[in-house]
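Commentary on secondary and tertiary structure
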Amino acid sequence: MVAMDGVQKWFGDLHVLKDIDLHVTPGEVVVVIGPSGSGKSTLCRAINRLEPIEKGTIAIDGEVLPAEGRKLAQLRADVGMVFQSFNLFAHKTVLENVMLGPVKVRKKSKAEAEKRAMELLTRVGVESQANKYPAQLSGGQQQRVAIARALAMDPKVMLFDEPTSALDPEMIKEVLDTMVALAKGGMTMIVVTHEMGFARTAADRVVFMADGQILEEETPQEFFDNPQTDRAKDFLAKILKH
């Protein structure tokens, strides 16, 4: 579903993605973890070309992403993205936020888009907030609306870039529960997160990154119980002690 081959990315002299090879199969949930500055978010943003790459190829469902143009826009519409900041339109209601993409990009009728939007808001548990504006919602509710908005495009794959890092602790669980339900429903997901509990329970595969490289790729049990590299052992020792 997602194929990254030989992907290289620099910010000036800083080599942030070093020869990345990552293949994600349909329905697989891949969680990307690692220390700050390891390139996790850049990797996530490169998948739908929010960050241009210098070398290598990225393909979604067998189609190589071009650098720009209409074809890129079409392929991008197949990739749902949820960021740490919710990026909802403040002047539109929750319902309007979720309807916007399907109407504008997928050319669905307003009635069809509204019906689907309400289904999705119900699915993520915020249907009672449909006619409110984002500022009237808690952070956890806004993030669940952002997930519904991404799902409204019927994406082939969902990318999550630290979706809970801006949330208060009591709101994190409601967003993670929504993501776990998505994962169980068979959605292809790539999740950059600091939430090790989510990585353990929802991931099919854990990808550990450090210094712009993928150092380990394992099942959660294998990675957490038996890390192979010193960087991974050091990382786990630091985070699992707290």
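Residues numbered from 1 in each chain as written. Predicted model: local features only at pLDDT ≥ 70, side-chain atom pairs only at ≥ 80, totals over all residues. Heavy atoms only, no water.

The condition that has to hold: UniProt positions are given in the numbering used here, feature names are shortened, and annotations may be inferred rather than shown by experiment.
The protein chain appears in an unreviewed UniProt entry as ABC-type polar-amino-acid transporter from Mumia zhuanghuii. Taken verbatim from the UniProt record of the protein chain, the Subcellular location (unreviewed entry) comment is "Cell membrane". Regarding the protein chain, the relevant UniProt record gives this comment under Sequence similarities (unreviewed entry): "Belongs to the ABC transporter superfamily."

**Focus on the sheet that holds strand β2 (residues 14-24)**
Within a beta sheet, neighbouring strands are joined by backbone hydrogen bonds and run either parallel or antiparallel to one another. What counts is decided by this rule: Being paired, for any two strands, means DSSP has found at least two bridges between them. Numbering goes from the N terminus for both helices and strands, where a helix is a DSSP run of H or I of at least four residues and a strand is a run of E of at least two. Two residues qualify as a contact provided that any one of their heavy atoms is within 4.5 Å of a heavy atom in the partner residue. Axis definition: a line fitted to C-alpha atoms, limited for helices to the stretch in contact. Angles are taken between N-to-C directions and run from 0 to 180 degrees.
With antiparallel pairing, 4 strands are arranged side by side in an open sheet as β2-β1-β4-β5. Of all the strands in the sheet, just β2 and β5 (63-64) have a single pairing partner and so form its edges. Pairing of strand β4 (residues 55-60) with β5, which is carried by 2 bridges, proceeds in the antiparallel orientation. Residue Ala59 lies in a different strand from β5, and its bridge partner there is Val64. With respect to the sheet, helix α1 (residues 40-47) is in contact with β1 (2-11), β2 and β4, its orientation differing from that of β2 by roughly 60 degrees.

**Describing the UniProt feature "domain: ABC transporter" (unreviewed entry) in the protein chain**
Per the UniProt record, "domain: ABC transporter" (unreviewed entry) is found at residues 2-236. Helix makes up 38% of residues 2-236 and strand 26%, and the two end C-alpha atoms of the span are 27 Å apart.

**Concerning the nonpolar core**
Put simply, the rule reads: By convention a nonpolar core is built from buried Ala, Val, Leu, Ile, Met, Phe, Trp, Tyr and Cys residues, the set being connected through side-chain atoms within 4.5 Å. For every residue, the accessible area (1.4 Å probe, protein chains only) is compared with the maximum for its type, and the residue is labelled buried under 20%, exposed over 50%, or partly exposed between those bounds.
Counting residues in each nonpolar core, the largest one holds 52 residues, and the members touching the most others are Ile147, Met158 and Met189. Per-element accounting of this core gives the leading share, 8 residues, to helix α6 (residues 169-184). If we ignore the near neighbours within four places in the chain, the residues touching Met158 are Gly80, Val82, Ile147, Ala150, Leu151, Leu182, Met187, Thr188, Met189 and Ile190. Among the nonpolar cores identified, the runner-up in size contains 28 residues, and Leu17, Phe83, Val192 and Val207 belong to it.

**Remarks on the pattern of salt bridges**
Two side chains that carry opposite charge are able to pair once their charged atoms sit near each other. Our working definition: Here, a salt bridge means any Lys or Arg side-chain nitrogen found within 4 Å of an Asp or Glu carboxyl oxygen.
Under the criterion given, the structure shown has 15 salt bridges. Between Arg45 and Glu51 there is a salt bridge whose closest N-O contact spans 3.7 Å. Classification of Arg45 as partly exposed rests on a relative accessible area of 26%. What makes Glu51 buried here is its relative accessible area of 16%. When the shortest N-O distance is used, the salt bridge between Asp154 and Arg116 registers 3.1 Å. Here Asp154 is found in the loop between α5 (139-151) and β7 (157-161), whereas its partner Arg116 is found in helix α4 (residues 110-123), with 38 residues between them in sequence. For Arg116, a relative accessible area of 25% puts it in the partly exposed group. Here the salt bridges do not stand alone but share partners, grouping Lys108, Lys115, Arg116, Glu119 and Asp154 into one network.

**Observations regarding the packing of helix α3 (residues 94-104) against α4**
Where we set the bar: Working definition: roughly parallel below 35 degrees, roughly antiparallel above 145 degrees, roughly perpendicular at 65 to 115 degrees, and oblique for all remaining angles. Left-handed describes a crossing whose near helix is turned anticlockwise from the far helix by less than a right angle; the clockwise case is right-handed. Note on residue categories: nonpolar means Ala, Val, Leu, Ile, Met, Phe, Trp, Tyr, Cys or Pro, charged means Asp, Glu, Lys or Arg, and polar means any other residue, Gly included.
Closest axis-to-axis distance for the α3/α4 pair is 9 Å, and the angle between their directions is 125 degrees. With respect to α4, the element α3 is oriented oblique. In the packing of α3 onto α4, the handedness of the crossing is right-handed. On α4, the residues that touch Val94, Leu95, Val98, Met99, Pro102 and Val103 of α3 are Lys110, Ala113, Glu114, Ala117, Met118 and Leu121. Within the contact of α3 with α4, the residues separate by chemical class into 10 nonpolar, no polar and 2 charged.

**Focus: the sheet that holds strand β10 (residues 213-218)**
Pairing is mixed in the open sheet, where 6 strands are placed in the order β6-β7-β8-β3-β9-β10. With one partner strand each, in any of the chains shown, β6 (79-82) and β10 form the two edges of the open sheet. When the angles between neighbouring strand axes are averaged without regard to direction, this sheet yields 20 degrees. Both β7 and strand β8 (residues 188-192) contribute to a ladder of 5 bridges, which runs parallel. What sits directly across from Val157, in β8, is Thr188. Its contacts with the sheet place α5 against β6 and β7, and it is angled at close to 170 degrees to β6. Sitting on the sheet, α6 is in contact with β3 (29-33), β7 and β8, with an inclination near 145 degrees to β8.

**A few points about the packing of aromatic side chains**
What counts here: Classification of ring pairs rests on two measures: the distance between centres of Phe, Tyr or Trp rings, Trp counted by its six-membered ring, which must be within 6.5 Å, and the angle between planes, read as stacked under 30 degrees, edge-to-face over 60 and tilted in between. A positively charged side chain is recorded as over a ring if its NZ (Lys) or CZ (Arg) lies within 6 Å of the ring centre. The angle to the ring normal must also be within 35 degrees.
By the definition in use, this model includes 3 aromatic pairs. Consider the rings of Phe208 and Phe235, whose centres lie 5.4 Å apart with planes at 50 degrees: the pair is tilted. Separated by 27 residues along the polypeptide, Phe208 in strand β9 (residues 205-210) and Phe235 in helix α9 (residues 230-240) bring together distant segments of the chain. Relative accessible area serves as the criterion here: at 11%, Phe235 is assigned to the buried category. Ring-pair connections join several aromatic residues into one group, and the members of that group are Phe208, Phe223, Phe224 and Phe235. Lying across the ring of Phe224, Arg200 places its NZ or CZ 4.4 Å from the centre.

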